[in-house]
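# Structural overview for review
Here is how the chains run, residue by residue.
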Amino acid sequence: MDTIFITGIGTGVGKTVVSAIITEALGAAYWKPIQAGYDGGTDSEWVRSVLSNPAATIFPEAYKLKLAASPHIAAGEEGVRIDLHVIKDQLTEIEAAHNSQLIIEGAGGLLVPLNEKEFIADLIHLLPVKLVLVSRNYLGSINHSLLTAEACRQYKLDVLGWVFNDQYMSYEDEIVHWSGYPKIASIPVVEKADAAFIAAQAALMKEALKKVL
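Procedures and definitions
Residues numbered from 1 in each chain as written. Predicted model: local features only at pLDDT ≥ 70, side-chain atom pairs only at ≥ 80, totals over all residues. Heavy atoms only, no water. Phe/Tyr/Trp six-rings, centres within 6.5 Å; stacked < 30°, edge-to-face > 60°. Buried < 20%, exposed > 50% of the residue type's maximum accessible area, 1.4 Å probe, protein only. Lys NZ or Arg CZ within 6 Å of the ring centre and 35° of its normal. Pairing = 2+ DSSP bridges. Helix = DSSP H or I, 4+ residues; strand = E, 2+ residues; numbered from the N terminus. Contact = heavy atoms within 4.5 Å. Axes fitted to C-alpha atoms, helices over the stretch in contact; angles between N-to-C directions. Expected span 1.5 Å × (residues − 1). Arc of directions from axis to C-beta. Polar contact = N/O pair within 3.5 Å; in protein donor to acceptor, adjacent residues only side chain to side chain. Salt bridge = Lys/Arg side-chain N within 4 Å of Asp/Glu carboxyl O. Right-handed = clockwise from strand over helix to strand, strands pointing away. pLDDT = per-residue confidence, 0-100.

Below, the discussion takes up the packing of aromatic side chains. Scanning the entire structure with this criterion turns up 1 aromatic pair. Relative to Phe 164, the ring of Trp 162 has its centre 5.8 Å away and its plane inclined at 20°; by these criteria the two rings are stacked. Like Trp 162, the residue Phe 164 is buried in the burial classification. Over the ring of Tyr 38 we find Lys 64, and its NZ or CZ is 5.1 Å from the ring centre.

Structural data, given as structure tokens:
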């Protein structure tokens, strides 16, 4: 089973919601290796709270950093350097010990710095994963989406397709056309993404995921 890495066109575009939906849809395990900021709780805690299976495997973070900032800054505040090979080694251990499919959630977008010279894209390139891109519809997201697609090509990342989040005008098909990556699904805007919403969207997305996996 392919391990799926969820990234987005930026911060706050719905990666955690999409990660929860895909985890639910595939009955998968979930891992967020880098958490920067957790005063309001971690993304792992939230994902656990909205999955229908309370026994779903949620793996602990490789780096759990207090400051809500770019990971390289948050790590520096604690005297830590994020090492991509530490994350790769943990993934190897996870995949060797567990048979379930794994969903990995990234931090921010592809060019979020992890240390003085490496970015999220470098981490994805290092790992044996397939990539799902999350784009939130807003004024300016065409540019951000296509820049993300271009970075994927430059880094030679294995992209499964787009999941669009929220609604703002109608240009999802244009992003698909210009980027060359297919659309997997669209997630409607909702005031609160609770367990019922996650389950409903997972049921709708399950068949679409099977087509790209």
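There's plenty left to go through after this.
Right, let's get into the sheet that holds strand E8 (residues 159–165). Backbone hydrogen bonds hold the strands of a sheet together, and the pairing may be parallel or antiparallel. Taken together, the 7 strands give an open sheet; going across it, the order is E4-E2-E6-E1-E7-E8-E9, and neighbouring strands pair in parallel fashion. A single partner strand is all that each edge strand has here, and the edge strands are strand E4 (58–59) and strand E9 (183–187). Relative to E4, strand E2 (residues 29–31) runs parallel, the two being bridged by 2 bridges. Opposite Trp 31, over in E4, you have Phe 59 as the bridge partner. Its contacts with the sheet put helix H8 (residues 195–212) on E8 and E9, and the angle it makes with E9 is roughly 170°.

The terminal C-alpha atoms of helix H1 (residues 15–26), which comprises 12 residues, lie 16 Å apart, in line with the 16 Å expected from a rise of 1.5 Å per residue. Of all the 12 residues making up H1, 11 are buried; the element is thus mostly covered by neighbouring parts of the structure. Buried residues of H1: Lys 15, Thr 16, Val 17, Val 18, Ser 19, Ala 20, Ile 21, Ile 22, Thr 23, Glu 24 and Ala 25, and no others. Looking one or two places after H1, you find Gly 27, whose phi comes out positive at around 60°.

In this section: helix H4 (residues 84–97). An α-helical turn contains 3.6 residues, so a residue and the one three or four places further along point in the same direction. Over its 14 residues, H4 extends 20 Å from the first C-alpha to the last, a length consistent with the 20 Å expected when each residue adds 1.5 Å. Those residues of H4 not exposed but buried are Leu 84, Ile 87, Leu 91 and Ile 94. Around the axis of H4, the buried residues are gathered within 80° of arc, so they sit on the same side. Exposed side chains of H4 directed beyond 90 degrees from the buried face belong to Glu 93, Ala 96 and Ala 97. The backbone nitrogen of His 85 has a side-chain oxygen 2.9 Å away, supplied by the residue at the start of H4, namely Asp 83.

Another point: the pattern of salt bridges. Counted under the stated rule, the structure contains 8 salt bridges. Across the pair Asp 158 and Lys 130 runs a salt bridge, and its minimum N-O distance is 2.6 Å. Of this pair, Asp 158 sits in the loop between helix H6 (141–154) and E8 while Lys 130 sits in strand E7 (residues 129–136), and the two are 28 residues apart along the sequence. Between Arg 153 and Glu 150 there is a salt bridge, and its shortest N-O distance comes to 3.3 Å. Note that Arg 153 and Glu 150 are positioned in helix H6 at a spacing of 3 residues, about one turn of the helix.

A regular strand places its side chains so that they alternate between the two faces of the sheet. Strand direction decides the pairing type here: E8 and E9, joined by 4 bridges, are parallel. In the strand pairing of E9, Asn 165 is matched with Ile 187. Taken together, E8, helix H7 (residues 172–179) and E9 constitute a β-α-β crossover, and its handedness is right-handed.

Now for the confidence of the model for the protein. For the protein, the mean per-residue pLDDT works out to 95, and 100% of the residues sit at or above 70. Predicted confidence in the protein is weakest over H8, with a mean pLDDT of 95, and strongest over helix H5 (residues 120–126), with 98.

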